[in-house]
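Remarks on the overall topology
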Amino acid sequence: MDIAYIPSPSSGVIHLGPLPLRGYAFCIILGVFVAVWYGNKRWIARGGKAGTVADISVWAVPFGLVGGRLYHVITDYQLYFSDGKNWVDAFKIWEGGLGIWGAIAFGAVGAWIGCRRRGIPLPAYADAIAPAIVLAQAIGRWGNWFNQELYGKATDVPWALEISDGANRDSGLYHPTFLYESLWCVGVALLVVWADRRFKLGHGRAFALYVAAYCVGRAWIEYMRVDEAHHVLGLRLNVWTAIIVFVLAVVYMVVSARIRPGREEIVEPDRELLAKDAKAEDGDATSAGAKDDDAPDAATDADAEGSADAATAKNV
């Protein structure tokens, strides 16, 4: 007899009148709001301005959603493009399916665009929001609980996850890998915050630490999952991705620490001051041009005075 387990919701949708509220989408949206809120606090603490994180997220979040969906659809194409499947389902993001690797990669592109428009160094911005991103991941993972997906092997531990019968799944008690990853992400956030305060990480090293630490947890959690996935040399594709990204993150931290030790002193330039400086430079250029324009007139006046003196001397 099972005395304890984590029940799964009977439905992933809550209807507020005619409006359906999907648990998966709600967790993603909540995670984004938490990331922007906490990222804003860290950005201000680093010397940035309030509202900058929200402005840049306008670019980063859409890019991240598109990238996460693309990674999922490409790596699990058989779910949408094999016989008997409807390719239109590839666009139903509310039913689940976001690959974190694609979300971070494309989200970084969006963040780069936003940072470039404001004259902000991307590594400094990434360091500030790294713990906020991983907290958003921790919240977003609960969307998998609503959809009854991303669980591990069968188990009888007290914290086992109850899964009901459904498409491509059998009822039973399984390891709640979504919960493991959510807790791991919270731990990674705490690690990055501590290390950032202790070692004054800069130039993207706090972000690289987040990536490396997340990959460690994702590798062993991925190894526990039993859902269908592509394998390479006996390992799931996402395990290989975690290994490769982990190595790249560690290499970046080592090389960056040698090339650019310390932390950025200025993370966000004063746009009003820059505008004043630009205006002052334009004014100086105008003044210099005016002086140059006056020079020929002065020479003309001197020539005229010289001619008058000569005429006077002749008459005398």
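Residues numbered from 1 in each chain as written. Predicted model: local features only at pLDDT ≥ 70, side-chain atom pairs only at ≥ 80, totals over all residues. Heavy atoms only, no water.

Here we look at a nonpolar patch on the surface
A cluster of nonpolar side chains, namely Val216, Ile243, Phe246, Val247, Val251, Val254, Val255 and Ile259, defines an oily patch on the protein surface of about 640 Å² accessible area. Element by element, the count of residues in the nonpolar patch is highest for helix α9 (residues 237-259), at 7 residues. Along the chain, the position of Phe246 falls in helix α9. (Patch = residues over 30% accessible without salt bridge, like charges linked within 9 Å, V, L, I, M, F, W, Y side chains within 5 Å. Areas by Shrake-Rupley, 256 points an atom, 1.4 Å probe, with all protein chains shown as cover. Salt bridge = Lys/Arg side-chain N within 4 Å of Asp/Glu carboxyl O. Helix = DSSP H or I, 4+ residues; strand = E, 2+ residues; numbered from the N terminus.)

Some thoughts on the packing of helix α2 (residues 52-75) against helix α4 (residues 100-118)
Interaxial distance between α2 and α4 falls to 6 Å at its minimum, and their mutual angle equals 150°. Judged by the inter-axis angle, α2 sits roughly antiparallel to α4. In the crossing of α2 with α4, the sense of the turn from one axis to the other is right-handed. When grouped by side-chain class, the residues that make up the contact of α2 with α4 number 13 nonpolar, 8 polar and 3 charged. (Axes fitted to C-alpha atoms, helices over the stretch in contact; angles between N-to-C directions. Parallel < 35°, antiparallel > 145°, perpendicular 65-115°, else oblique. Left-handed = near helix turned anticlockwise from the far one by under 90°. Nonpolar A, V, L, I, M, F, W, Y, C, P; charged D, E, K, R; others polar.)

A word on the pairing of strand β1 (residues 13-16)
Here 4 bridges tie β1 to strand β2 (residues 19-22), and the two strands are oriented antiparallel to one another. Its bridge partner being in β2, Ile14 is matched across the sheet by Leu21. Between β1 and β2, which pair antiparallel one after the other, the connecting turn spans 2 residues, and Gly17 there sits at a positive phi close to 70°. (Pairing = 2+ DSSP bridges.)

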